[in-house]
Amino acid sequence: MGADTDKHAAFVRIGRLIRIWAALRGPKRRRDLDPVVIGPELLPHLCLGHYLDKGTDFRYDLIGSEVSKLAPRLKRGSLASDTMRIQNTDHDHILALFLEAGLEKRPKILEVRYSSIDDVPLRIFAALLPLGVHQDKHCAEDLLLGVWRTTVTGVIAKDNSTDLTGEFLQFSGMSV
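What comes next concerns the included structure.

### With respect to the pattern of salt bridges
Logical step 1: Applying the stated criterion across every chain yields a total of twelve salt bridges.
Logical step 2: Glu111 serves as the salt-bridge partner of Arg113, at 3.2 Å between the closest nitrogen and oxygen.
Logical step 3: On the basis of relative accessible area, Glu111 is assigned to the buried category, the value being 11%.
Logical step 4: Of the charged contacts, one joins Glu111 and Arg123 as a salt bridge, the two residues approaching to 2.6 Å between their closest N and O atoms. Of the two residues, Glu111 is situated in strand E3 (residues 108-115) and Arg123 in strand E4 (residues 121-131); the sequence distance between them amounts to twelve residues.
Logical step 5: Within this structure, Arg30, Arg59, Asp61 and Asp142 form a network of salt bridges that share partners.

### Notes on the packing of aromatic side chains
Logical step 1: Going through the model one piece at a time under the given rule, you end up with six aromatic pairs.
Logical step 2: Joined through ring pairs, the aromatic side chains of Tyr51, Phe58, Tyr60 and Phe98 make up one cluster.
Logical step 3: Just above the ring of Trp21 sits the side chain of Lys28; from NZ or CZ to the centre is 4.7 Å.

### A few points about the nonpolar core
Logical step 1: Membership of the largest hydrophobic core comes to 27 residues, with the highest contact counts inside it found for Tyr51, Phe58, Phe98 and Leu128.
Logical step 2: Contributions of two or more residues to this core are made by strand E1 (46-52), strand E2 (57-63), helix H3 (65-70), helix H5 (93-104), E3, E4 and strand E5 (142-150).
Logical step 3: Among the elements that make up this core, the one with the highest residue count is H5 (six residues).
Logical step 4: Every residue in contact with Tyr51, bar those within four places of it in the chain, is listed here: Asp57, Phe58, Phe98, Leu99, Ala101, Gly102, Cys139, Ala140, Glu141, Asp142 and Leu143.

### A few points about unusual backbone geometry
Note: most peptide bonds trans; most residues except glycine with negative phi.
Logical step 1: Phi at Lys54 takes a positive value of approximately 60 degrees, unusual for a residue other than glycine.
Logical step 2: Along the chain, Lys54 falls in the loop between E1 and E2.
Logical step 3: A relative accessible area of 70% means that Lys54 is categorised as exposed.
Logical step 4: Of note, Lys105 is a non-glycine position whose phi angle comes to about 55 degrees, a positive value.
Logical step 5: Among the secondary structure elements, Lys105 is positioned in the loop between H5 and E3.
Logical step 6: Lys105 sits in the partly exposed class, given a relative accessible area of 23%.

### Section: the sheet that holds E5
Logical step 1: A sheet is described by the order of its strands in space; here six strands give the open sequence E2-E1-E5-E4-E3-E6, paired in antiparallel fashion. Lying at the two open borders of the sheet, with one neighbouring strand each, are E2 and strand E6 (160-163). For this sheet, the mean inter-axis angle between neighbouring strands, taken without regard to orientation, is 30 degrees.
Logical step 2: Bridge count for E3 against E4 is eight bridges, and the pairing is antiparallel. Bridging across to E4, Glu111 finds its partner in Phe125.
Logical step 3: Along the sheet, H5 makes contact with E1, E2, E3, E4, E5 and E6, crossing E3 at roughly 165 degrees.

Procedures and definitions
Residues numbered from 1 in each chain as written. Predicted model: local features only at pLDDT ≥ 70, side-chain atom pairs only at ≥ 80, totals over all residues. Heavy atoms only, no water. Salt bridge = Lys/Arg side-chain N within 4 Å of Asp/Glu carboxyl O. Buried < 20%, exposed > 50% of the residue type's maximum accessible area, 1.4 Å probe, protein only. Helix = DSSP H or I, 4+ residues; strand = E, 2+ residues; numbered from the N terminus. Phe/Tyr/Trp six-rings, centres within 6.5 Å; stacked < 30°, edge-to-face > 60°. Lys NZ or Arg CZ within 6 Å of the ring centre and 35° of its normal. Core = buried A, V, L, I, M, F, W, Y, C linked by side-chain atoms within 4.5 Å. Contact = heavy atoms within 4.5 Å. Pairing = 2+ DSSP bridges. Axes fitted to C-alpha atoms, helices over the stretch in contact; angles between N-to-C directions.

Next comes the structure, spelled out in structure tokens:
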């Protein structure tokens, strides 16, 4: 299976998830998410979390089984900033992506290449969908995250990501 095939398959699933997210009325609150509507194909790939301290950290509240395989250390209630403490660093690429999505209060589709805490090279396609968006608030309240693992080619020397939002919108014919 090639990279383009992987991307196409992820875009199809992301399209389904974004249609569910877009159908939520108003500020798109997490309580409006219906697991039955989301369905068993998408649920294992989802993570739901809450922004803390006006968007300076992120707490994992729901972790789907496929997300758990990518990051076995994640437990309900763990913080995205825990990675920085564990690795004794002042920056984490994944946390930065989460916080950026919350502050921008708009959906993002990304290809992310990174090494896990256990130094496992990973490449994923991710949909970051803010929830609880209010114009008078600095940051979204919550984040719905969809993640699909794909093949890794080459060595990942540095965590990095590519914003595929425009490419996804062109592929899907959607607007968000």
